Every structure is written in C-alpha cells, then in structure tokens.
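# Observations on the model geometry
The chain contents come next:
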Amino acid sequence: MKDVLGANPCPIVVPIGSEEHFKGIVDLIRMKAVLWPDETMGADYTVEDIPADLLDECSEWRGKMLEKVAEYDDALMEKYFDNPSLITEEEVLRALRKSTVRMEIVPMLCGSSFKNKGVQTLLDYVCAFLPSPIDAGEVTGTNPDTGKEEERRPDEDERTAALAFKIATDPYVGRLTFFRVYSGKVEAGSYIYNSRSDKKERVSRLFQMHSNKQNPVECISAGDIGAGVGFKDIHTGDTLCDETAPIILESMDFPDPVISIAVEPKTQKDMDKLSNGLSKLAEEDPTFTVRTDEQTGQTIISGMGELHLDIIVDRLKREFKVECNQGRPQVNYKEAITKTVHLRELYKKQSGGRGKFADIIVNIGPVDEDFTQGGLQFVDEVKGGNVPKEFIPSVQKGFQNALKNGVLAGYPLDSLKVTLIDGSFHPVDSDQLSFEICAAQAYRNACAKAGPVLMEPIMKLEVVTPEDNMGDVIGDLNRRRGQVEGMESSRSGARIVKALVPLSEMFGYVTTLRTITSGRATSSMTYSHHTPVSTSIAKTVLEEVKGRVELL
C-alpha cells in the first residue's frame, strides 16, 4: 500500500489464523477478539477475550497503532507519552476519524469475502471513520429562473434537492430511478418537481436498495440514497426539487457514442421484444443510443466501444431473451468544411395559386476560434429589413436542421458559421417554410464548394504492459496510425503507454494485445476528439458508403 498506492496504512485489526484456518480478528481499538463460526457463513459472531497466545502480538500492534494516530492528534500524543494505558476507546476513534477524513491515515482491516468473515467490523468502521454528508457540507446548484448559484445544506428541514443518478429496469417492480437526496426529504405519495422537464412527478413508492432486494420505506432524507417507482419522465442527471424553490444540481457529463453496429433479431417474432429491450437499455445508459437508419431500415445501436456493445447484446440475450445477429461495427465519422464561401440562394416555386419565394445572401464557413460550444454559429447582418425579422429564425432553423446531414456521405457537421448578409422577399409568396427550404439548399450548395473534409474519432488509449513487451505494443500502435504521447512507470514496475489512436483501427485490439503480451497487458480507451483524415483514407471510407468522392 505504501509503495504502489502511496498511502499511509494503519492496521486496526489483527487476524486470528490464516487461509483455511482463519477464524476471526482481534480489534485493536477495543482489544477484544471477534470470532465467526464457519456454519453460519458470517451471519453470527461472538466477542471474546483475546487468546493468550496472541496477547503479546496484539499489544505490540496496538502500540504501533496508537503511535501512528498520536502523530496527528496533540492531546493523544501527550497521553501516549505519559501513560498509554489511560487512552480511552472514544479518544482513539475520534483521532482516527479526524485523520481519516483529512486523508492522513488509511485504516486497514482484514477479512474473508468467501466466508463473509470480518464484514460486520468493516461496516462498523466505515460508519465510524468515513465522512458523513454533514462533513461534505453544502451542495451548490443553479437557480433555473435567475441563473444564480444557490446552496442547500444537508438537513431534513431544508428545501428538497435530489439528483437522479441511475435508471434500472427491474423485472418485478418496473422502472427504478435511483437518486441521492442532498437536502430536505422525499416522501412516498407526495409530488416532486423535475427542473429539467419543468413538470411535477408523483412519488408512488420508495425503496431502500439492499443488494438486489428492495426494502419499502415511506421517506428518504438528506444524505440518503434511495430508489423510486412510477416516475414517467425522469432521466439520468435530472434534479428533483421543491417546486417553490427550483434548483439544478451539477449533472454528469456524457460523451457522444463513437461506435455503431446494426442488430436484428434472429427470428421475426422477436422484433417487438428487441425494440422493447433496446429502449429500456437506452433509458438506463445515457452513453448508449438506438436509431433506425432511414435508408436501409436497419436498427443501429451506438456506444462507447466494442466491449460496451458486446455487453448490451449479451444483456439482450440474458434479460430480455432476444437472440441477435450483429452487423460489422461502424465508426461515427463527422464532416467539416475548411473554407468560407459567399453565396446567393434563390428559392422560387410557382404551382398555381400562391407560390413560394425566398432569397438569401450568406457567408458559410468554419466557426470562429473563440466559439467553443459547437453547433451553429448564426450571425444576422441584414440591414433595412430586406429579410423581415419574422423570417430570420426560419433561416437559422433551416441551417440547424441541415447540419445533421453533411454533403460527403450524410455524416453530421459538428460546427458551422453562417452570416446572413442580405436577401429579398415577396410580400405574398414568401413564408417561413420558403426561407427554411432556401437555407437548406444554400447549405448543400455552399458546403460542396467549401472544401469539405471527413473527420474521424480519435481515442485516448492507455496500455499498462510489462517492460519486456514495450517494443511490440508500441510497434503495433504505430501500425494502427497511433501517436504515442508518452510513457510512464507505474508504482508496481509496469510501463504505462499513452497514445492517441483512430477508432477505425482499434477493432479487435484487446484480442491482439492479449496475444502479443501473453495476456499480461491491459488497456483502457476513452473518446478524445475528431480530427480530419487523409484524402486516401477518406476516399476509401466514402467509396464504402457510396458517398460523393468527387468533392474531396
């Protein structure tokens, strides 16, 4: 623990026996032996005096424990030097808690998870030493009406604020919403306000979760975690609060999915079960999305990596009893433009009776460097009402919708700057739809001339490998167009290789890594950013998806 984790361990128990002869522990704070009989599998235990043969060893370890704790508590230090036998149990507990909360000491306990021995002592000391919600202090959120920061104290009498952090589907009770109450309390039968959807939800039943069992409760108070049933429109990251005092707590940030595969049920009769299973899994996991491809009619599932999607398919089989066929993994490419284009777009249609007319002059190009939020950067520079004010939002909406389909192969554009300079309108034929269609046409025509490029997702890869296999691992990453960013040594002596690698080259990497390191290396991968691909690779990708290669 000292070398690898850099911690400051302080043993507070001593084991009685070891391996198959492990019977229990000696608690050095209370100086008592705690024994677990084998037949009850850890459910029952007895507290006895310390066996005579262990007394000297336990006294020695108690002395070491008191010496370490006294380093961080002056009052205890004085007593330790005067007469250690006068130190009370409460004083040791208080000093240990104080230094644990400050992360100066890490109390160490032992036990056997196989036979459940030592569990009760561990849980008692978790409660005794680790920080409570009161130690954590106030939680800060934003008032959705004023935009100002507000605080909520961890107190039952404070106004309610809770954060939904997980959605799970239970076969018996249905959709379970897990939430943590930061202030106030949530009561069964009452109503709670969702600050994201601006709606009230009825709290029908509340549970305290205990492993995979649900214990019904009437109220969940500040600092506690519970689960509710019957919520209709609550998603992961939503804030549940008092309607009279709305607040938005800091939510989790979920990255966009980076890999997609097509799935279909092995038999047609399972189609409904598949869609039901996928929608429930998508509710549970915000990084997993499901959509239907408009051109092919296939069901496409997207996630954060190969393993993520493998687990989804496995859960469909286990929990929803649906066998699936999988398509080849697809990478979520994006498109971008590199030049600014000046364009006049005229949309004119006469079809008997009232026609359609819209005329806009725009500059379309990459976004400004200081525009960081992504999406559409729309600048209105129309003078003299040549394009009436009521039609300008329609132009913006037309470009906003068009961003979802790029000109190369229909991949979405991440960001785009549109400056509306001028235009004209017809007093009878112009309407909002005309300007929306005109904007979409301008987008298609301008992007084709604005140097479109294909962007591929780049992953941040971290490989932990023994020193002997370093050369093979780096050689393999170079073959996959990877850029090695640095190498570090872990505390355990292994080497950590950090690299940026295109996702398209990472299919099957885990298997290859196991092969070249004889199963001794591990890897983890997270999304980093999208970057333009070279023309030769872009051509190959576009030919595969029947995109417009001639625009490159």
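What you see is a predicted model; the values in this text were computed from it and never measured.

About the criteria used
- Within each chain, residues carry numbers counting from 1 in the order of the written sequence.
- The predicted origin of the model limits local features to residues at a pLDDT of at least 70 and limits the giving and counting of side-chain atom pairs to 80 or more, whereas totals for whole chains, interfaces and linings rest on all residues.
- Hydrogen atoms and water are omitted, and side-chain values are computed over all heavy atoms in the structure.
- Under the DSSP-based scheme used, a helix requires at least four consecutive residues in state H or I and a strand at least two consecutive residues in state E, with every element numbered from the N terminus.
- Based on C-alpha atoms, the radius of gyration is set beside the globule rule, defined as 2.2 Å times the residue count to the power 0.38.
- In this scheme, a residue with accessible area under 20% of its type's maximum is buried, one over 50% is exposed, and one in between is partly exposed, where area comes from a 1.4 Å probe on protein chains only.
- Should any heavy atoms of two residues lie within 4.5 Å, those residues are considered in contact.
- Only the protein chains shown count as cover for residues, and the accessible areas themselves come from Shrake-Rupley with a 1.4 Å probe.
- Charge counting treats Lys and Arg as positive and Asp and Glu as negative, with His and both chain ends excluded.
- By convention, the charge on Lys lies at NZ, on Arg at CZ, on Asp at CG and on Glu at CD.
- UniProt positions are given in the numbering used here, feature names are shortened, and annotations may be inferred rather than shown by experiment.
- One side-chain nitrogen of Lys or Arg within 4 Å of one carboxyl oxygen of Asp or Glu is enough to make a salt bridge.
- In protein, a polar contact means a hydrogen-donor-capable atom and an acceptor-capable atom, both N or O and within 3.5 Å, with residues adjacent in sequence counting only if both atoms are side-chain atoms; elsewhere, any N or O pair within 3.5 Å suffices.
- Two strands pair if DSSP finds at least two bridges between them.
- For a helix, the expected span equals 1.5 Å multiplied by the residue count minus one.
- Patch definition: residues with relative accessible area over 30% and no salt bridge; like charges joined within 9 Å; nonpolar side chains (Val, Leu, Ile, Met, Phe, Trp, Tyr) joined within 5 Å.
- Every angle, taken between N-to-C directions, lies between 0 and 180 degrees, and every axis is a line fitted to C-alpha atoms, over only the stretch in contact when it is a helix.
- Should an angle fall under 35 degrees it is called roughly parallel, over 145 degrees roughly antiparallel, and 65 to 115 degrees roughly perpendicular, with every other angle called oblique.
- Polar here means any residue other than Ala, Val, Leu, Ile, Met, Phe, Trp, Tyr, Cys and Pro, which are nonpolar, and Asp, Glu, Lys and Arg, which are charged; Gly is therefore polar.
- The criterion is simple. A nonpolar core is a set of buried Ala, Val, Leu, Ile, Met, Phe, Trp, Tyr and Cys residues joined through side-chain atoms within 4.5 Å.

Along the backbone of the protein there are 13 helices and 33 strands. For the protein, the C-alpha radius of gyration of 31 Å lies well beyond 24 Å, the compact-globule estimate for 552 residues. Reported as C-alpha extents along the three principal axes, the dimensions of the protein are approximately 105 × 60 × 55 Å. Each of the 552 residues in the protein was classed as buried or not, and the buried ones make up 41%. When contacts within the protein are restricted to residue pairs at least 6 apart in sequence, long-range pairs at least 24 apart make up 68% of them. As presented, the protein carries roughly 30200 Å² of accessible surface, and 50% of it is formed by carbon and sulfur atoms. Side-chain charges of the protein comprise 65 positive and 86 negative groups, with the mean position of each set lying 6 Å from the other.

The UniProt feature table records "domain: Translation elongation factor EFG/EF2" (unreviewed entry) at residues 330–451. Its end C-alpha atoms 24 Å apart, residues 330–451 is made of 24% helix and 34% strand.

So, about the side chain of aspartate 429. Topologically, aspartate 429 is positioned in the loop between strand E29 (415–424) and helix H10 (432–449). Buried charged residue aspartate 429 carries no salt bridge. Nearest counter-charge: arginine 354, at 5.0 Å. Within the local environment of aspartate 429, its side chain forms a polar contact with the backbone nitrogen of glycine 355, the two atoms lying 3.3 Å apart. The contacts of aspartate 429, once residues within four sequence positions are left out, are Gln350, Arg354, Gly355, Lys356, Phe357 and Ser434.

What follows deals with the pairing of strand E25 (residues 334–337). Judged by which residues are buried, E25 turns out to be covered on both faces: Lys334 and Ala336 on one side and Glu335 and Ile337 on the other are all buried. Two strands pair when backbone bridges link them, and E25 and strand E30 (residues 452–465) are joined in this way by 4 bridges, in the antiparallel orientation. In the strand pairing of E30, glutamate 335 is matched with leucine 454.

It is worth spelling out helix H2 (residues 55–70) at this point. The end-to-end C-alpha distance of H2 is 22 Å, a good match for the 22 Å that 16 residues give at a rise of 1.5 Å each. All buried positions along H2 are accounted for by Cys58, Arg62, Met65, Leu66, Lys68, Val69 and Ala70. Those residues of H2 that are buried lie in contact with strand E1 (9–11), strand E2 (13–16), strand E3 (24–27), helix H3 (74–82) and helix H4 (89–101).

The next point concerns the sheet that holds strand E7 (residues 139–142). Backbone hydrogen bonds are what pair the strands of a sheet, in a parallel or an antiparallel way. Across the sheet, which stays open at both edges, the 3 strands sit in the order E8-E7-E19 with antiparallel pairing between neighbours. Every other strand in the sheet has two partners, leaving strand E8 (149–152) and strand E19 (248–249) as the edge strands with one partner each.

A cluster of nonpolar side chains, Met1, Leu5 and Val106, forms an exposed patch at the surface whose accessible area comes to about 250 Å². Secondary-structure assignment places leucine 5 in helix H1 (residues 2–5).

Our focus in this paragraph is the packing of H4 against helix H5 (residues 119–129). Direction vectors running N to C along H4 and H5 enclose 75°, while the axes themselves pass 9 Å from each other. Taken together, the axes of H4 and H5 are roughly perpendicular relative to one another. Across from Leu93, Leu96, Arg97, Thr100 and Val101 in H4, the residues of H5 making contact are Tyr125, Ala128 and Phe129. Looking at side-chain class alone, the contact of H4 with H5 contains 6 nonpolar, 1 polar and 1 charged residues.

Attention now moves to the nonpolar core. Formed by 60 residues in total, the largest nonpolar core has its most connected members in Ile301, Ile360, Val362, Phe399 and Leu416. The biggest single contributor to this core is H10, with 7 residues. When residues no more than four places from it in sequence are discounted, the contact partners of valine 362 are Val341, His342, Leu343, Phe399, Val418, Thr419, Leu420, Ile421 and Ala442. Listed in part, the 29 residues of the second largest apolar core include Cys10, Ile25, Leu28 and Met65.

Positive phi, close to 65°, is recorded for methionine 103, a residue that is not glycine. By the secondary structure assignment, methionine 103 is in the loop between H4 and strand E6 (106–108). Not every positive phi belongs to a glycine, and arginine 481 is a case in point at roughly 65°. Among the residues examined, arginine 481 registers a relative accessible area of 30% and is labelled partly exposed.

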